[in-house]
Amino acid sequence: AGVGLDPQFVLPARIAWWAERDPDRPFLQEVTGRSATYGELLVEIRRWCTRLREHGVQPGDRLVSMLPVSIDAIALWLAASCVGALEVPVNPDLRGSFLEHALRDPSPRWCFVRPEHRDLPGTVPVEGIETIVVERDGSFAAASAPAVIDAWPQPTDPCCVIYTSGTTGASKGVVI
């Protein structure tokens, strides 16, 4: 329990710790072949923080992610937590009322998608969500200056909302 509540073991802080000590150590490998070391991922997270702030993301905001398991998805999740926002991962295979619920319930202002899903949020009657396309090549944040992260998220800070399977009714958002 002591380690779980130690601020130095919150994932973004731990990645920064490894990036400082062993920046060239491999950390992530996608099935596409794209990879990131600890140092590269930390820079990516900091660049994503810049992009999120450019889009107006503030502490407490919620943003939907329809990205597949990827470096972009991990960077978005960790950057959102670094700016105090909550990432809401949503399965892009959802349609109709299931998709509408997933987009309406958390009241997100942004939905990050791959190009093939750019029109998906518009297929349900939910307004006020900006769709942001994230290309597969890692270029989304590449040109952005890495943000300074003044303080890492704390162990008690919420970082995402995961939806239940919905076996007893509509899926419920669980704050993690």
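Preceding this paragraph is the structure being described.
Now for a look at the structure at hand.

What counts, and at which threshold
- Numbering of residues starts from 1 in each chain and follows the order in which that chain's sequence is written.
- Reporting of local features is limited, given that this is a predicted model, to residues whose pLDDT is at least 70; pairs of side-chain atoms are given and counted only at 80 or more, and all residues count toward the totals for whole chains, interfaces and linings.
- Hydrogens and water molecules were not included; the side-chain quantities draw on all heavy atoms of the structure.
- Among buried residues, those of type Ala, Val, Leu, Ile, Met, Phe, Trp, Tyr and Cys that are joined through side-chain atoms within 4.5 Å constitute a nonpolar core.
- Classification of residues uses two cut-offs on accessible area relative to the type maximum, computed with a 1.4 Å probe and protein chains only: under 20% is buried, over 50% is exposed, and between them is partly exposed.
- A helix here means a DSSP run of H or I that spans at least four residues, while a strand means a run of E at least two residues long, and both kinds are numbered starting from the N terminus.
- Should any heavy atoms of two residues lie within 4.5 Å, those residues are considered in contact.
- Excluding any residue in a salt bridge, patches collect residues exceeding 30% relative accessible area, merging like charges within 9 Å and nonpolar Val, Leu, Ile, Met, Phe, Trp and Tyr side chains within 5 Å.
- Each accessible area value is a Shrake-Rupley result obtained with a 1.4 Å probe; residue values ignore everything except the protein chains displayed when judging cover.
- Salt bridges are defined by distance alone: a side-chain nitrogen of Lys or Arg within 4 Å of a carboxyl oxygen of Asp or Glu.
- Put simply, two rings from Phe, Tyr or Trp (the six-membered ring, in Trp's case) pair if the centres are within 6.5 Å, and we call them stacked under 30 degrees between planes, edge-to-face over 60, tilted for the rest.
- The rule for a charge over a ring is simple: NZ of Lys or CZ of Arg within 6 Å of the ring centre, and within 35 degrees of the ring normal.
- Here a helix's expected span is defined as the number of its residues, less one, multiplied by 1.5 Å.

So, on to the nonpolar core. Grouped together as the largest cluster of nonpolar side chains are 33 residues, with contacts concentrated most on Leu-41, Ile-45, Trp-48, Cys-49, Leu-52, Leu-63 and Phe-112. It is helix 3 (residues 71-82) that provides the largest number of residues to this core, a total of eight residues. Apart from the residues lying within four places of it in its own chain, the contact partners of Cys-49 are Ala-79, Cys-82, Val-83, Ala-147 and Ile-149.

Let us now look at a nonpolar patch on the surface. Together, Ile-162, Val-174 and Ile-176 make up a nonpolar patch on the protein surface, roughly 230 Å² of accessible area in all. Position of Ile-162 relative to the elements: it lies in strand 7 (residues 161-163). Judged by its relative accessible area of 37%, Ile-162 falls in the partly exposed class.

The phi dihedral of Ser-107 is positive, around 50 degrees, even though this residue is not glycine. In this fold, Ser-107 is placed in the loop between helix 4 (96-104) and strand 5 (110-113).

Right, let's get into the packing of aromatic side chains. Scanning all chains against the criterion turns up six aromatic pairs. Feature note: the residues Trp-17, Trp-18, Phe-27 and Tyr-38 constitute an aromatic cluster, connected by ring pairs. Between Arg-25 and the ring centre of Trp-18, over which it is positioned, the NZ or CZ distance is 4.4 Å. A cation over a ring is seen here: Arg-51 above Phe-140, with NZ or CZ 4.1 Å from the ring centre.

With 17 residues, helix 2 (residues 38-54) extends 24 Å between its outermost C-alpha atoms, agreeing within 8% with the 24 Å of an ideal straight helix rising 1.5 Å per residue. For helix 2, every residue scored as buried is listed here: Tyr-38, Gly-39, Leu-41, Leu-42, Glu-44, Ile-45, Trp-48, Cys-49, Thr-50, Arg-51 and Leu-52. Considering only its buried residues, helix 2 is in contact with helix 1 (11-21), strand 1 (26-29), strand 2 (35-37), strand 3 (62-66), helix 3 and strand 5. Once helix 2 finishes, Gly-56 follows within two positions and takes phi at roughly 90 degrees, a positive value.

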